[in-house]
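# Structural overview for review
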Amino acid sequence: MSANAPTADLFRSERMRRRRIVNRLVEGAATVAALLAVALLVIVVSSVVRQGWAAINVDFFTKTPAIYTGFGPRPASGISSAIIGTLIIIGIALVMALPVGVLTAIYLNELAPRKLASVLTLAFDVLNGIPAIVLGIFVFIFVVVGHGQAAWKASFALAILMVPMIARSTQEVLALVPASMREASLALGAAKWRTTLSVVLPQAVGGIVTGATLATARAAGETAPLLFTSALYSDSVSYDPRQPIASIPMFIFTSAEQADPVLHQQAWGAAAVLIGIILVASLIARWFADRSVRRLKGER
Amino acid sequence: MSVAQERAAGPAALQRRGRFRPGDAILYVVTCAAALTGVVLLGLITHEVLTQAWPAMQKFGLGFLTTQAWGDKGNTLFGAKSFIFGTVVTSLGALLLATPISLAIALFLSELAPRWIRSVVAPLVELLAAIPSVVLGLWGILVLGPFITGTLGPAIHGTLGWVPIFSTKPTVGSNMFAAILILTIMIIPIVSSICRELFVSVPGELKDGALALGATRWEVVRGVVFPYARAGIAAALILGLGRALGEAIAVTQVIGNRVAINKSLFDPGDTLASRIAGQYQGADTALQVASLVYLAVILLVFSLIANLAAQLIVRRVAGRHQV
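Residues numbered from 1 in each chain as written. Chains lettered and ligands numbered in written order. Predicted model: local features only at pLDDT ≥ 70, side-chain atom pairs only at ≥ 80, totals over all residues.

## Observations concerning the overall build of chain B
Summing up its helical and strand segments, chain B has 13 helices and two strands in all. A compact globule built from 323 residues should have a C-alpha radius of gyration of about 20 Å, whereas chain B, at 25 Å, is more than 25% larger. Principal-axis analysis of the C-alpha atoms places the extent of chain B at approximately 85 × 60 × 30 Å. A burial count over chain B gives 48% of its 323 residues as buried. (Helix = DSSP H or I, 4+ residues; strand = E, 2+ residues; numbered from the N terminus. Rg over C-alpha atoms; globule rule 2.2 N^0.38 Å. Buried ≥ 20, exposed ≤ 12 C-beta atoms within 10 Å, placed from the backbone.)

## Focus: unusual backbone geometry
Residue and element names in this part refer to chain B. Residue Asn-257 is not a glycine yet carries a positive backbone phi of 50 degrees. Considering the arrangement of structural elements, one finds Asn-257 in the loop between helix 11 (249-254) and helix 12 (272-278). Residue Asn-257 is classed as buried on the basis of its 21 C-beta neighbours within 10 Å.

## A few points about the domain arrangement of chain A
Residues and elements named next belong to chain A. Its domain assignment divides chain A into domain 1 (7-55) and domain 2 (80-298). For domain 1 versus domain 2, the separation of C-alpha centres amounts to 35 Å. At the interface, seven residues of domain 1 touch seven residues of domain 2. Class assignment of the residues belonging to the side of domain 1 that touches domain 2 gives a composition of five nonpolar, two polar and no charged. (Domains from an automatic or database assignment. Contact = placed C-beta atoms within 7 Å. Nonpolar A, V, L, I, M, F, W, Y, C, P; charged D, E, K, R; others polar.)

## Description of the interface of chain A and chain B
Chain A puts 78 residues into the contact, and the matching count from chain B is 76 residues. The element contributing the most residues to the side of chain A that touches chain B is helix 2 (residues 14-55) of chain A, with 19 residues.

## A word on the environment of Ile105(B)
Within the fold, Ile105(B) resides in helix 5 (residues 81-112). Between the alpha carbons of Ile105(B) and Val39(B) there is a distance of 36 Å; along the sequence they are 66 residues apart. Sequence-distant contacts of Ile105(B), defined by excluding residues within four places in its chain, comprise Ala33(A), Ala34(A), Ala37(A), Val125(B) and Ser192(B).

## Concerning the environment of Val205(A)
In this fold, Val205(A) is placed in helix 10 (residues 205-220). A sequence separation of 82 residues divides Val205(A) from Trp287(A), and the C-alpha atoms of the two residues are 13 Å apart.

## Quick look at helix 8 (residues 176-200) of chain B
In a regular helix each residue adds 1.5 Å, so 25 residues correspond to 36 Å; helix 8 of chain B covers 36 Å between its end C-alpha atoms and thus fits that length. Counting buried residues in helix 8 of chain B gives 23 out of 25 residues, a clear majority hidden from the surface. (Expected span 1.5 Å × (residues − 1).)

## Section: the confidence of the model for chain A
Put simply, chain A has an average pLDDT of 85, and 92% of its residues get 70 or more. Across chain A, the secondary-structure element scoring lowest on mean pLDDT is helix 1 (residues 7-11) of chain A, at 53, and the one scoring highest is helix 4 (residues 80-111) of chain A, at 92. (pLDDT = per-residue confidence, 0-100.)

## Quick notes on the confidence of the model for chain B
Detail in the predicted coordinates should be disregarded across regions flagged by low pLDDT. For chain B, mean pLDDT is 87; residues scoring 70 or higher make up 92% of the total. Predicted complex metrics record ipTM = 0.87 and pTM = 0.88.

## What to know about the packing of helix 2 of chain A against helix 5 of chain B
The geometry of helix 2 of chain A relative to helix 5 of chain B is characterised by a closest axis approach of 8 Å and an angle of 105 degrees between their N-to-C directions. As judged from the angle between their axes, helix 2 of chain A and helix 5 of chain B are roughly perpendicular. Residue-level contacts link Glu27(A), Ala29(A), Ala30(A), Thr31(A), Ala33(A), Ala34(A), Leu36(A) and Ala37(A) of helix 2 of chain A to Ile101(B), Ala104(B), Ile105(B), Leu107(B), Phe108(B), Leu109(B) and Leu112(B) of helix 5 of chain B. Looking at the contact of helix 2 of chain A with helix 5 of chain B residue by residue, the class counts come to 13 nonpolar, one polar and one charged. (Axes fitted to C-alpha atoms, helices over the stretch in contact; angles between N-to-C directions. Parallel < 35°, antiparallel > 145°, perpendicular 65-115°, else oblique.)

This is how it looks when you write it as C-alpha cells:
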C-alpha cells in the first residue's frame, strides 16, 4: 500500500492512468460475471418453461404416465402419480426431520454447555456435507437390503438431509430472541422448560417455518436419495408408504434417459412443475423470514 | 448470600438454588437426544458403509484404487481408478471455472452494485442454487449437450485443439466437459453467496483507510478485502469442491458413464458418485454391491476431508473475529 502515495493522483502520471485502467477492467469483469450468473438462471429456467409449457394441461396433472406400445394413437398421459408420490415422501420426511431439527436447536442454543454444543454443531455441519448419494446408499444398506424399497425409506434418507438445515435455521432465530425475555420469564418464577417452550419458542416460530420450508423445497428436488430407496416409474397412483412410490425427480430422471421425444417433453413439464413448487416454497420462506426477523429486531 | 449478591449472580444462580423440576429434566433429556442424532448418524453411516464394503475391501484391498475396471472378467473384477480420475478432473475443472466468476459476482454485489440492483441480483443468484440437480441434468442432456457437439465443442477444438485436453472432437453430447459446465453452474451460487457475506463483513474503516491513501477500488479489494477474507474464501471454495465431488445425478446424466481415462475433456468418463447412481438397477452380485459401496467409502472419505477442512477454517476465522 505504501507505494500508492496520494501524490500520484495530483500529478496524473502514467502510472495513475494504468491503475485506473486496471480498476476499470476489474469492475467491468465483475459486472459481466454477475450478468452471466443471472443469464444462466434465465437460460435454464426459460428453456424449462418454454419446453414444459407444451406438456402442461389438465391431463398432465390428473392422468398417470401412459405406457405407449408404439401402436395406435398415444393415450393421454400425465404425472399425477409422481406428484402425489412426491407429496407423500416429502410429507413423511418433514414429519421425521422437523421435531429432531427443532429440539436439536433448542438444546444447542438454550441448554448445552458451550464446548459440547460446538462439537455437536460440527457433527451436523459435517453430516450436511455428506453427498446425497452416500445417504441413499446408507439407507439402502441399513433398511432396504433384504426388505425391499419403500416410500418411507426414501423419506428417511431425505430427513437426514433436512435435519441439519432445519436445526441451523432454528438456531439462528433462537439467537435473535432477546435474553431479556428469558430473564423476565425466569424472574417471574417460570421453570426453564416453561420459559423455553412458552416464551422463547413462540418468538422463533417464523424462523422455524422458514427453515422447514427451505429444507422441504431442497429435499423435494433431490433424486440421489430416492434411487436406491423408492425408484419406481409407476403408471398407477399409490398412497401406501410401505411400498415404493413414484416421484417427480425420478420421473424426470428416467424419462430423460429414454430416446422418446414425447417423454422428453413430459420430463420438461415435470421439471417445470418441480421448479414451480420449489419457487413458491422459497418465496413463502423468504416472506416468513423477513417478517419474523423484522419483528424480533423491532422488539429489541 | 445477600439479596444484592444473588441479583448480581443473575437468574442462573437463582435457578440452581431452586427445587428439582421434572419438566426441566425431560426437556434436557429429549433435546439432548435429538442433538446427538448428528453424531449417531455419522457413526452409523460410517459403520454400515464400511461393513457392507468389507467383502470388496478384503478381495481387492488398496489395489481397488489403482485398477481400472468395472465388472470385467465375468463380473469379478472391479476398480475405482477411472472414477477417481473423473471425479478429480470434473470437480477441479468446475472449481477452476467457478472461482473467478464467483469472486467477481461477490465483488459486484458487495462493492459495486447500487442497492436496488443488489436486492434484485443477489436473490436471483441464490435461486440458481435452488434448481434441482435432476433438472440441470435434463437441461444438460437436451440443451447443453447438443450445443457442445454442434457449436461450442468444434469452436474450442478448432482454436485450441493443440492443447491435449481439447484434442478430440466431441462426437456425443455426453462428455466430461458437459459435466464440468453443469458442476460449475451448481457451485457458483454456493461460493459467491458465502464470499459476498465475507466481503460485506470487512470493516469499513479498513477500506476507508485504503481509499484515503489514494487506492483505487481494485487496489482496496486486492490489498484489504481479499487478505481479510482469505481464510473464508478458502473455506467457501472447499465447500464448493465438496459439493462438486458428491454430485451424482446431474453428472451421471451428462458425463457418458464410460469406464475410461481420457485426456480430452470432450470424451466421456465417469465419477465415483455418478457410477453409484448409474448402478441403481444393475447391481446383481454380492461382490458388485460391495464394490459399489466401496466407491461410496472413497467418496465419503473425500467429502469428510473437504468438509472438516472447511469447517475448521470457518471456526478458526470465527474465533479470531470474536476476540
